[in-house]
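Residue-level structure breakdown
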Amino acid sequence: MKVLIVHAHPEPQSFTAALRDQAVATLEAQGHEVQVSDLYKMNWNPVASADDFSSRENPEYLVYALEQRLGVKSQSLAADIQAELDKLLWADLLILNFPIFWFSTPAILKGWIDRVLVSGICYGGKRFYDQGGLSGKKALVTVTLGGREHMFGEDAIHGPLQDMLRPILRGTLAYVGFDVLEPFVAWHVPYISDEARQQFLVDYSQRLQHLSDDQPLVFPKLAQFDDRLYPLPK
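Residues numbered from 1 in each chain as written. Predicted model: local features only at pLDDT ≥ 70, side-chain atom pairs only at ≥ 80, totals over all residues. Heavy atoms only, no water.

A separate point is the UniProt feature "domain: Flavodoxin-like fold" (unreviewed entry) in the protein chain. Sites flagged by UniProt as "domain: Flavodoxin-like fold" (unreviewed entry) map to residues 1-208. Within the segment residues 1-208, helix and strand shares are 39% and 15% respectively, and the terminal C-alpha atoms sit 12 Å apart. (UniProt positions renumbered as here; feature names shortened; annotations may be inferred. Helix = DSSP H or I, 4+ residues; strand = E, 2+ residues; numbered from the N terminus.)

Turning to helix 7 (residues 194-209), a few remarks are in order. Its 16 residues give helix 7 an end-to-end C-alpha distance of 23 Å, which sits within 8% of 22 Å, the value for a rise of 1.5 Å per residue. By the burial criterion, the buried members of helix 7 are Arg-197, Phe-200, Leu-201, Tyr-204, Ser-205, Arg-207 and Leu-208. Viewed end-on, helix 7 has its buried residues packed into an arc of 160°, placing them on one side of the element. At its buried positions, helix 7 is contacted by helix 1 (15-29), strand 3 (93-99), strand 4 (138-144) and strand 6 (184-186). (Expected span 1.5 Å × (residues − 1). Buried < 20%, exposed > 50% of the residue type's maximum accessible area, 1.4 Å probe, protein only. Arc of directions from axis to C-beta. Contact = heavy atoms within 4.5 Å.)

Relative to the assigned elements, Gln-30 resides in the loop between helix 1 and strand 2 (33-38). Each C-alpha atom of the pair Gln-30 and Met-1 lies 9.3 Å from the other, and the pair is 29 residues apart in sequence. Not counting residues within four places of it along the chain, the set of residues in contact with Gln-30 comprises Leu-208 and Gln-209.

Attention now goes to the environment of Ala-17. Structurally, Ala-17 can be placed in helix 1. Relative accessible area serves as the criterion here: at 2%, Ala-17 is assigned to the buried category. Distance from Ala-17 to Trp-44, taken between C-alpha atoms, is 17 Å for residues 27 residues apart in sequence. Excluding residues that lie within four positions of it along the chain, Ala-17 makes contacts with His-7, Glu-11 and Pro-12.

This next bit is on the pairing of strand 1 (residues 2-7). A large share of strand 1 lies buried, amounting to five of its six residues. Bridge analysis of strand 1 against strand 2 gives six bridges, and the strand direction is parallel. Paired with Lys-2 across the strands is Glu-33, a residue of strand 2. A crossover links strand 1 with its parallel partner strand 2, the connecting element being helix 1, and its sense is right-handed. With five bridges joining them, strand 1 and strand 3 adopt parallel strand pairing. Bridging across to strand 3, His-7 finds its partner in Asn-97. (Pairing = 2+ DSSP bridges. Right-handed = clockwise from strand over helix to strand, strands pointing away.)

Written as structure tokens, this is what we have:
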């Protein structure tokens, strides 16, 4: 496999960084090719703007997704976007590696998503879910958080973790066609012992060694809907 790890944590010595390093070591030991985009180290620009295009179809009014689509054809995407898009298209597996910030992703990672999941390649028209531009690829979300596992669930104080991750699991990764794997979660990381953190690294390595056994999460398929995207009778 070809694997792209997009890593988003501001502290190079963080446990999130340790998970990144564990992933690289485990996957390379299996013979996979790995590239890493360390967004903070790259000083990645997270702001989608008119500056993302060297030329514009409509210089008077910015419709970002439309300019992305046209930018692909005219090769006018900003160099940093094109470089990340090339990595994404190269990869068979995308790993997003980040801490939970305010029930969501760090802003720098959201900006990578906004700018790199380019309309006209990753999605567009009715090219979404199983018909998305990145169909045939897999995606794994790896997260760290401060909460304890019992704080997440149907009747728990924060509700189910997958509800929290729904915008990225469904609204982003599944939407553009990825087979989305069950997330890997390291719970309560800042407050546990070094031994417990080491066990998470062992568990993560074992998970990565058996990704081929994982069944993707279930999301809609376009064949379940009519031309106007109303559900077909079951």
